[in-house]
Amino acid sequence: MPSINGKRCTGKSQVGRLQQFLDPINFQRAWEKVAANRGCAGVDRQTVAQFGQQVEQHRLLKLARQVARGTYRPLPLRQIVIPKQSGGQRILRVPTVRDRIVQQALLNVLHPLLDPQFEPVSFAYRPGRSHKLAVQQVTAWHRRGYDWLLDADIVSYFDQVEHGRLEREVQERLSKGSRQQTEVRTGLSDRPLFGATHSSFCLHPSAFSAVALDLIHQWNTVPTLTPAGLVLTERGIPQGSVVSPILANVYLDDFDEALQASRFKLVRFADDFVMMGRSRAQAEQARARVAELLEGMGLQLHPEKTVITSFKRGFRFLGHAFVGDLVVPVKREKSKGKGQQAEREESPYRIVHADASARITPMQQAFLESLKASQQAIPPPLFVVLGYEVRKAQPFNLKSSEVIWTAGMSTLYLVQQGTTVNKDHGRFIIRAPETETIEVPIREVERILVFGNVQLTTQVMSVCLEAAISVVFLSQLGDYKGHLWSAEAEVMNVAMAQFERHQDGAFQLATARAIVLGKLANARQMLLRFNRRRQLTGVAAACEGLQTDMDAAESASTIEAIRGYEGVGAARFFGAFGQLITNPGFTLTERNRRPPKDPTNSLLSFGYTLLHNHVLSLILAEGLNPFFGNLHGSERKQTFLAFDLVEEFRSPIVDALVLRLINRKSFSPTDFTWPTEKGGVYLNNTARRVFLQRFEDRLGQSVSHPDIEEKVSYRRVLQLQVQRYKRSLTDGPLYEPYFKRG
């Protein structure tokens, strides 16, 4: 619970609206809502599924931070044309997934603030209300003698909303909400929002209103990408935007209030409404009054679709036919073109934010102003003037000797010796000897693994620090060398908790025990699964031995004893692992490393290295110090925490993958180098690329995790376990390892 000057806060009214909006928990809920709604990709062509493969807490935190600092800018809207069953077209203007998350985060705060201020005659886009309730209300007024009505239709309502008036209406209602619930100096939780410097801040009473209005203005005025180019709008709210429904209700709220006070009975569902009276004369008067009110709002009644009718004559409203006392749902005729809902009259371009340093010529600026004045579409060459960069939309699937990258991957592997990486606008430009240049969008990369002699420019390293992209440096053979770490990622209260726990022997013992139990249990589970059909007695004996080792580790009183049982269990596991190999070109008699001396050990070592560095990047992203371990540790400075948290995932991710690749003959002994002077055996360049791709596929596999109801990828499971460990440092509950089921 938040506190003010040492006193505990009680009640939601004391929590600042701006802080509620910017809280990372709110952004997480917003993402979950957007993911549940699915929807199509925006102009950046990133789908909800692709965003979901990349989303991690620090990415949502980064998005919230951009909003807080005023650096957030929405991308243009994607125009989608949908044929109406009654003829004509409905034009949707869809934001990107990223922009929908910010909109949903704001909507989470706006809804409880604005909805109570709406009139009871409004039934659309409101919790607990629906078109069926609106139909029931019409029926209720009919029973009370309101037999005549104005069946009204507003001309292109969503496209005619005046931005200035809308923003004034929103501001007025936010001011009412501010008077009802005073904003105070506090935080949403005991932990800081954006690091120690933002643990608490003083909010002006209008701070939230200013931020909300600025965002609403940006979302309503952002251009729309059409086949002709970018189209700027001077009025209207986009159908397809997350916040448009509540804004539509705000704009008509004064209209509702004015008519509710009259002798007519209004029932409105979005821009579809009826005005009910006791006589035709009253219906005529209602028409004049409605036209007058709408004119003052910059709207008008549709002259052909707006009619005066009665229950005796019959009419249709909200998918129901009303005739006398009879109300019947009307089934819509199935469209002949079923399966082709949206017409593909779209721009072939993919739009992203341009580099802020892009130079704009005076001629470009003059041409842009001329197009704006004439209300013409802005062609692609001038997109940069508006702050956008255009690229042809095409499937992104790049593989070469210097980079391993495919759509949906969050890790960029740089393995070709002599490669250089530069930054150009929003892309990494990768050049390797005697190969084609490759471009990778910066926003799609979460971490970079650099193998050996690969050069990154200072601009690349700078953008990695700014974008919280982890960069891990390895030798050509995969040995860890160091990493690039943004100091902003470290949270002081977590760092202090880590240091205190490092001195806490009981905490270290309990955590080390949990890690070893998770490792041995998952190793045993893997052996049981692979031995299900073969029923090898040696493997079955190893499983029984692993259970004995787990029981002993459970009661061990020292970390040294736990390490001993972990070592015994590992030896049992690899002995059984070798028995499960069916490919005659591969064997495993013992586990060896640094260097690995046979192909099987080479694959295991390479897989463990990749896994270690993925976990390391997640540790850094959570603001944890990677050098404070529990099970692992020595006087030598190493990333012991990463070594700890890797243990329980060795078998589910790496060991199972390696055994499948070997038995399916994905590799042969010729895919490995001759032994080095020290006897080391390594994958050659071609085979390494194959393994990297299979490893990424494994990380993307969906599995169950107790903290999440739905299945998630191993990437997400790794993050959840790092977050579990982080909570064990500060919140008290002991670390619980991940147990692979089935």
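Everything below is about the structure shown above.
So, here's what we can say about the structure. Given the structure is predicted, the values throughout are model-derived calculations rather than measurements. (Residues numbered from 1 in each chain as written. Predicted model: local features only at pLDDT ≥ 70, side-chain atom pairs only at ≥ 80, totals over all residues. Heavy atoms only, no water.)

Inspection of the secondary structure assignment puts alanine 506 in helix H16 (residues 505-530). As for alanine 506 and threonine 558, which are separated by 52 residues in sequence, their C-alpha atoms are 9.5 Å apart. (Helix = DSSP H or I, 4+ residues; strand = E, 2+ residues; numbered from the N terminus.)

The set of residues buried in helix H14 (residues 458-466) consists of Val460, Val463 and Cys464. Down the axis of H14, the buried side of the element spans an arc of 105 degrees, and every buried residue falls inside it. Facing away from the buried side of H14, by more than 90 degrees, are the exposed residues Thr458 and Glu466. Among the residues trailing H14, alanine 468 stands out with phi positive, at a value near 55 degrees. (Buried < 20%, exposed > 50% of the residue type's maximum accessible area, 1.4 Å probe, protein only. Arc of directions from axis to C-beta.)

Right, let's talk about the side chain of glutamine 104 for a bit. Residue placement: glutamine 104 occurs in helix H5 (residues 97-114). Discounting chain neighbours no more than four positions away, the residues touching glutamine 104 are Ala30, Lys33, Val34 and Val242. (Contact = heavy atoms within 4.5 Å.)

On to the packing of aromatic side chains. Applying the stated criterion across every chain, the model contains 18 aromatic pairs. Residues tryptophan 141 and tyrosine 146 carry aromatic rings whose centres are separated by 5.6 Å and whose planes lie at 75 degrees to one another, so their mutual orientation is edge-to-face. Residue tryptophan 141 shares its accessibility class with tyrosine 146, and that shared class is buried. Here the aromatic rings of phenylalanine 315 and phenylalanine 322 are separated by 4.8 Å at their centres, their planes lie at 5 degrees, and the arrangement is stacked. Here phenylalanine 315 matches phenylalanine 322 in class, with each residue buried. By way of ring pairs, the aromatic residues Tyr157, Phe158 and Tyr251 are connected into one cluster. One residue, arginine 650, lies across the ring of tyrosine 608, its end atom 4.5 Å from the ring centre. Looking at arginine 688, its charged tip hangs above the ring of phenylalanine 606, at a distance of 5.5 Å from the centre. (Phe/Tyr/Trp six-rings, centres within 6.5 Å; stacked < 30°, edge-to-face > 60°. Lys NZ or Arg CZ within 6 Å of the ring centre and 35° of its normal.)

For threonine 224, the location among the structural elements is in strand S6 (residues 224-226). Using a relative accessible area of 3% as the deciding quantity, one classes threonine 224 as buried. Between the C-alpha atoms of threonine 224 and proline 76, which are 148 residues apart in sequence, the distance is 5.3 Å. Beyond its immediate stretch of four places on either side in the chain, threonine 224 contacts Leu77, Gln79, Arg93, Gly229, Leu230 and Val231. Within the structure, the side chain of threonine 224 is placed 3.4 Å from the side chain of arginine 93, a separation counted as a polar contact. (Polar contact = N/O pair within 3.5 Å; in protein donor to acceptor, adjacent residues only side chain to side chain.)

Once that is clear, we can look at the environment of aspartate 655. As for its position among the elements, aspartate 655 is in helix H21 (residues 650-663). Each C-alpha atom of the pair aspartate 655 and phenylalanine 577 lies 8.5 Å from the other, and the pair is 78 residues apart in sequence. Setting aside its immediate chain neighbours within four residues, aspartate 655 contacts Met526, Phe573, Phe577, Leu604, Tyr608 and Arg650. Within polar-contact distance, the side chain of aspartate 655 engages the side chain of serine 651 at 3.0 Å.

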